[in-house]
Amino acid sequence: MKNYIKKINTILQMPIKLYIFKQIKCLIFMVLYTIFSLAFPGFISLIIDEGIKSCDIEKILFYCSAMLVCGLLMILFQYLQKVSFYKLAQQIVYNIKRTMFEKLLERNLKFWMNYQIGDVLRVLENDIDSIQNLLTGTISNLIINFFVAVGITIVFLIINPILGLIILLMAFLFASIQKKCGDKIQDGMSVLRLQMGELSSIINETLNHIATIQMADLTALERRRFDTKNRNVIQQFILQTKRVTIAQLIGMSFNVFGILAVLVVGAIEVLKGRLSIGVLFSLTIYIQRLYGPIVVLGTEYINIKNTKPMIEKILEILENEDSILAGKIDWICTKGEINFDDVSFKYKEKWILQNLTMEIPEKATIGIIGENGSGKSTLIKLLSKLCIPQSGMLYFDGISIDNITYESIKRNVTVIPQECFLPYGTLRDIMEIDSKEKENKMFEFMEKLGVSLEKFPDGLETELTENRGNLSGGEAQKLALIRGLLQNKSIYILDEPTAAMDLESERNFCNIVREYLTNKTVIIVTHRRELLTVCDKIITF
Ligand code: ATP
Ligand code: MG
């Protein structure tokens, strides 16, 4: 039970008590609206019977005014009901999205190896949105329509127990068929979600690399990949719609069979003299009234089944523990020594690093070379705590990395990854310029690396567009390096830092390393000879 409440709290992103309180507030508005909307037509009979019939103009005016007030209140509570439900839903959706995004920023490589980008995108953009109806409309619909359905069934049981029992039996039959359909719908939705995730992955990947794809003549391949997945999604979608429609038609069939049952049994009862024609007439109206709630109950049940795979996915991600944040020690770099003690690591089956033992002394500059795929970038992922070795351990200043907090690693270690990424924003934001001194240093590095200032007509306020669209590969790499250099941390880990640079820029970068990184521990992964000249020691992978 405790676990169950924890799950509900996780999905609501607010305490369950607060949610119930807010739901009750919405329900009160709904009940008030229902009362005034039921009372509204009642004034017509009062105006006719008590006003017009007795030619009492005062009464007519009074009831008309009362009717007007009632109508206005009906409109007001309908507004309040809709807005309060909507606000509650939006608040929950906002909370889940925010928590989800924050969680995703903390997930490690193990997580990303289990989840496709498209799948996660769908959770963020689609699944979370689709549970808002469930959290607000569905629950109140279920409560209200359940009470109406029970009430009408009780009326049947009181007026004619035989008919009441028939209605009850039909309701059970209807519910069990709905349940079977619901299970199929839930399974179908899981498959559909998966396929939609795969389609989103393709779209996301293609659009993120559109220029490269066009230049490398990969458009036909992408089109084929998209077409196949898109077709699968549509087929599954049609299948799912068929299942949902069948489930809804069962509600309709309840209406047909219900009326027939009431008429057949009712007619026999009338012939036997146990029921009057008038009562039979009102029973046929009651059975019609039962139809609405029964259909709503069925539809909302299907809605729950359809949404269940989405909720499970949201919960799965929110409860996932594969985090880079694990660790308690707030490490303050004193020396900048790094040790690998018998480290072995594999992503899946194949070992990438095996029994690696090496020591990187403080303030040393170490070059790492090796064939493509030998595990150099993997080593950097391990040093960034994106993954933890299956055996052995890495140490910063003698403290094992799994005990150190991610924040303290980031505070002491600058990592420039092989794939350079610059976020969207102004030069000031990206470079985190917060002082004149830092600004001057940035321009100095820019000059040294030959980054033309013409690229930044608005100086620090120049916007770098998404995916660094307005910079060349080399320019972007230089900016990423300058950003790192400005951070002035104790340890620098650079993965192919000059891969996109021309030879002169590379030479200048070597000078920068000699001049600015002498008092720091530096690891440089490179295939370039020139860069190796700055290293005290070279390790081959
Ligand atoms: P390069 O010189 O080309 O940059 P590298 O030495 O940096 O190569 P890594 O990127 O560390 O090589 O990759 C080492 C091996 O691990 C490769 O065979 C690669 O296919 C595999 N690998 C890398 N990332 C993953 C991943 N996320 N999942 C599975 N395998 C991976
Ligand atoms: Mg690499």
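Residues numbered from 1 in each chain as written. Chains lettered and ligands numbered in written order. Predicted model: local features only at pLDDT ≥ 70, side-chain atom pairs only at ≥ 80, totals over all residues. Heavy atoms only, no water.

## Considerations on the packing of helix α6 (residues 161–208) against helix α8 (residues 219–271)
Part 1: Where α6 contacts α8, the axes come no closer than 9 Å and their chain directions differ by 170°. Considering their axes alone, α6 and α8 lie roughly antiparallel with respect to each other.
Part 2: Of the residues in the contact of α6 with α8, the class split is 28 nonpolar, eleven polar and eight charged. (Axes fitted to C-alpha atoms, helices over the stretch in contact; angles between N-to-C directions. Helix = DSSP H or I, 4+ residues; strand = E, 2+ residues; numbered from the N terminus. Parallel < 35°, antiparallel > 145°, perpendicular 65-115°, else oblique. Nonpolar A, V, L, I, M, F, W, Y, C, P; charged D, E, K, R; others polar.)

## Structural notes on the domain arrangement of the chain
Part 1: Domain parsing of the chain yields domain 1 (2–318) and domain 2 (338–540).
Part 2: Between the C-alpha centres of domain 1 and domain 2 there is a distance of 52 Å.
Part 3: With both sides pooled, the region where domain 1 packs onto domain 2 buries about 440 Å², and carbon together with sulfur makes up 66% of that total.
Part 4: Where domain 1 packs against domain 2, one counts zero salt bridges. (Domains from an automatic or database assignment. Buried area = accessible area lost by both parts, 1.4 Å probe. Salt bridge = Lys/Arg side-chain N within 4 Å of Asp/Glu carboxyl O.)

## Topic: the side chain of S408
Part 1: Inspection of the secondary structure puts S408 in helix α11 (residues 406–412).
Part 2: Look at S408 and you get buried, because its relative accessible area is 0%. (Buried < 20%, exposed > 50% of the residue type's maximum accessible area, 1.4 Å probe, protein only.)

## A word on the coordination of the magnesium ion (ligand 2)
Part 1: Protein-derived coordination of the magnesium ion (ligand 2) comes from S377 (OG) and Q418 (OE1), at a distance range of 2.0 to 2.2 Å. Linking S377 in helix α10 (residues 376–383) with Q418 in the loop between β6 (413–416) and β7 (425–426), this pair joins segments that are 41 residues apart in sequence.
Part 2: For Q418, a relative accessible area of 37% puts it in the partly exposed group. (Donors = N, O, S within 2.8 Å, 3.2 Å for Na, K, Ca; no water.)

## Digging into the site of ligand 1
Part 1: With respect to spatial proximity, 13 residues lie near ligand 1, and among them G373, G375, K376, S377 and T378 are the closest.
Part 2: N372 is positioned with one of its side-chain polar atoms (N or O) 3.0 Å from an oxygen atom of ligand 1.
Part 3: Take K376: an N or O atom from its side chain is 2.7 Å from an oxygen atom of ligand 1.
Part 4: Relative to its unbound accessible surface of 630 Å², ligand 1 loses 68% to contact with the protein.
Part 5: In terms of residue class, the shell around ligand 1 is built from two nonpolar, eight polar and three charged. (Near = heavy atom within 4 Å. Polar contact = N/O pair within 3.5 Å; in protein donor to acceptor, adjacent residues only side chain to side chain. Areas by Shrake-Rupley, 256 points an atom, 1.4 Å probe, with all protein chains shown as cover.)

## Section: helix α14 (residues 473–487)
Part 1: Taking 1.5 Å as the rise per residue, α14 with 15 residues should run 21 Å; its terminal C-alpha atoms sit 22 Å apart, in good agreement.
Part 2: For α14, the set of buried residues is G474, E475, A476, Q477, K478, L479, A480, L481, I482, G484, L485 and L486.
Part 3: Those residues of α14 hidden inside the fold are in contact with β6, α12 (427–431), α13 (436–449), β8 (463–464), β9 (491–495) and α15 (503–516).
Part 4: Once α14 ends, the next one or two residues include N488, with phi positive near 50°. (Expected span 1.5 Å × (residues − 1). Contact = heavy atoms within 4.5 Å.)

## Observations concerning the packing of aromatic side chains
Part 1: Counted according to the given criterion, the structure contains ten aromatic pairs.
Part 2: Consider the rings of F146 and F147, whose centres lie 6.0 Å apart with planes at 65°: the pair is edge-to-face.
Part 3: Here F147 falls in the exposed class, since its relative accessible area comes to 56%.
Part 4: When the ring of F345 is compared with that of Y347, the centres are 5.0 Å apart and the planes differ by 85°; the resulting orientation is edge-to-face.
Part 5: Site record: aromatic cluster; members linked through ring pairs are F29, F36 and F77. (Phe/Tyr/Trp six-rings, centres within 6.5 Å; stacked < 30°, edge-to-face > 60°.)

## Side note on the pairing of strand β2 (residues 351–360)
Residues in a regular strand point their side chains to alternate faces of the sheet.
Part 1: With six bridges joining them, strand β1 (residues 338–346) and β2 adopt antiparallel strand pairing. By the bridge assignment, K346 is partnered in β2 with W351.
Part 2: Between β1 and β2, which pair antiparallel one after the other, the connecting turn spans four residues. (Pairing = 2+ DSSP bridges.)

## With respect to the sheet that holds strand β4 (residues 391–396)
Strands pair in a sheet through their backbones, by hydrogen bonds, and they do so in one of two ways: parallel or antiparallel.
Part 1: Pairing within the open sheet is antiparallel, and its four strands lie in the order β2-β1-β4-β5. The open sheet terminates on both sides in strands that have one partner only, identified here as β2 and β5 (399–400).
Part 2: Note: β1 against β4, five bridges, orientation antiparallel. Its bridge partner being in β4, D341 is matched across the sheet by M393.
Part 3: The sheet contacts of α10 involve β1, β2 and β4, and relative to β1 the element is tilted by about 115°.

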